[in-house]
Amino acid sequence: MDHGTDAPSPAPRRKRRWLRWLALALAVLTLAVVALGWVLYERLNSNIRTDTDTANELAQYERERPTALVAGAQNILIIGSDTRGGPGNGQYGEDSGTQRSDTTILLHVAADRHSATAVSLPRDLMARIPSCRRPDGSQTNERFAQFNWAFELAGPACTIRTVENISHIRITHHVVVDFNGFKRLVDAVDGVEVCLKQPIDDREAHLKLPSGRQVLHGEQALGFVRARYSLGNGSDTERMGRQQAFLGALFNEMQSDGVLLNPTRLYPVLDAATSSLTTDAGLGSLRKLYDLVRTVRGIPSDRVQFLTVPRRPYPYNTDRDELVQPDADQLFEQLRADKPVSVSANVRPADSKPGGGPARRARAEEPGGPEGTAGPDVPGAPEVPGGSQAPTDPGVPTGSPGTSSSPSPSPTAPPTYEGTTAARGICG
């Protein structure tokens, strides 16, 4: 007898069971991807070393610091540390427990994010270094000395205050990167292409290269930007020009879709970048760094400019530098007001410093030394109260040559500065 009820066929049951397993598998896969993403994010985020001591130290001098004039503009001080401490850095010399700023760049990112200007500050620039607190709590004397001593004597806070004294620009953020971090970043983008007119053989920079077009990876790239006495006349100005061209090429590599839109290439770049940086709290997370990179990524490469602050040999010691005025103050005034800065297509020629051989190198690399003995090798520059030094030439303004107590008035048309852009690269 037919009761009108048929048992369900096996096929629909198997189909529903298969759909349930598929949904479960997709849910597990989604959770795994989210978990992996979170783990990777946390790893990148924890890579970043956040420097809160500098902010605390700068807060003690808030009343003397410049005022930011344009909301949204960023002035980031990038300090390349030559510390021999830490993994991978010992091969560049003995770790003496100190570090100096091998390279210092003031990066101005315009408020509208349509341009960025990177200004190199010579390590040999004579400047007024204020009294600063060391990590051990002791206090340095104010002095008139070589610029990169500020970092050696008392770290980033002292360097920031020195730069603010020179430029009257308020530093928004700071970033410190060491030798090994730079190498990892170059390797993460699979190297940077350069063109050499002549071979290089520089033992001190661990660099031996043939002439011609070639791609430099980590160790070679570091040697290229550090090489000095084997290229040209050994001037720091020439080296800064090479650093600027290399950074422009590196910017192009990182800006390319092959890096930023390819997760397998992007993660190594982010890992290298985050693990090589020490930043202030304002940039001390992956999210904050990403927000900055995202805004800078849209800047056309021909609007990313590199130049060296106008300088010339210091008259009391031509192994040192001083600022060319009013050109330098006009440059800083343009940046402070967030106005465009023009650079020429010409590479800055070698400066007129004599020598460049071993004697010059020994003096240029001379450390600050113990308190009371540090100071520039400047004949006729006696000690002044506070431990600083000043020239005796009545034709030189009192205070600190290479700095300015008040900006010089701007001309009707701002000057065009010698420099380059990221669009020009190294090979043209």
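Look up: the structure comes first, before these words.
Heads up: these notes are all about the structure in this document. In this text, all values refer to a predicted model and were calculated from it rather than measured experimentally.

**Comments concerning the overall build of the protein**
Part 1 of the reasoning: Assigned secondary structure in the protein consists of eleven helices and 17 strands.
Part 2 of the reasoning: Pairs at least 24 residues apart make up 72% of the contacts formed inside the protein by residues separated by at least 6 positions.
Part 3 of the reasoning: When the accessible surface of the protein is summed, it comes to about 20600 Å², and 56% of that surface belongs to carbon and sulfur atoms.

**Here's the deal with unusual backbone geometry**
Part 1 of the reasoning: In this chain, Gln325 is followed by Pro326 through a cis amide linkage whose omega measures 10°.
Part 2 of the reasoning: Despite not being glycine, His168 shows a phi value in the positive range, around 60°.
Part 3 of the reasoning: Checked against the element boundaries, His168 lands in the loop between helix H3 (149-167) and strand S7 (173-177).
Part 4 of the reasoning: Notably, Asp190 is not glycine yet its phi reads approximately 65°, a positive angle.
Part 5 of the reasoning: Along the chain, the position of Asp190 falls in the loop between helix H4 (179-188) and strand S8 (192-196).
Part 6 of the reasoning: Taking the relative accessible area as the measure of exposure, Asp190 reaches 48% and is therefore partly exposed.

**Description of the pattern of salt bridges**
Part 1 of the reasoning: For the structure shown, the criterion picks out eleven salt bridges.
Part 2 of the reasoning: Taking the shortest distance from any N to any O, the salt bridge between Arg65 and Glu164 comes out at 2.7 Å. Remark: Glu164 occurs in helix H3 and Arg65 occurs in the loop between helix H2 (53-59) and strand S2 (74-81); sequence separation between them is 99 residues. The pair Arg65 / Glu164 is uniform in exposure class, with both members buried.
Part 3 of the reasoning: One salt bridge in this structure joins Glu322 and Arg312, with 2.8 Å as the shortest N-O distance. Here Glu322, found in strand S15 (residues 317-323), pairs with Arg312, found in strand S14 (residues 311-314); they are ten residues apart in sequence, far enough to count as distant.

**Some words on the sheet that holds strand S4 (residues 116-121)**
Part 1 of the reasoning: Within the open sheet, the nine strands sit side by side as S1-S12-S7-S2-S3-S4-S13-S17-S16. Their pairing is mixed. The open sheet is flanked by strand S1 (49-50) and strand S16 (342-344), the only strands paired with a single partner.
Part 2 of the reasoning: Inspection of the sheet shows strand S13 (residues 304-308) paired to strand S17 (residues 416-421) by three bridges, in the antiparallel sense. Bridging across to S17, Leu307 finds its partner in Gly419.

Conventions and cut-offs
Residues numbered from 1 in each chain as written. Predicted model: local features only at pLDDT ≥ 70, side-chain atom pairs only at ≥ 80, totals over all residues. Heavy atoms only, no water. Helix = DSSP H or I, 4+ residues; strand = E, 2+ residues; numbered from the N terminus. Contact = heavy atoms within 4.5 Å. Areas by Shrake-Rupley, 256 points an atom, 1.4 Å probe, with all protein chains shown as cover. Buried < 20%, exposed > 50% of the residue type's maximum accessible area, 1.4 Å probe, protein only. Salt bridge = Lys/Arg side-chain N within 4 Å of Asp/Glu carboxyl O. Pairing = 2+ DSSP bridges.

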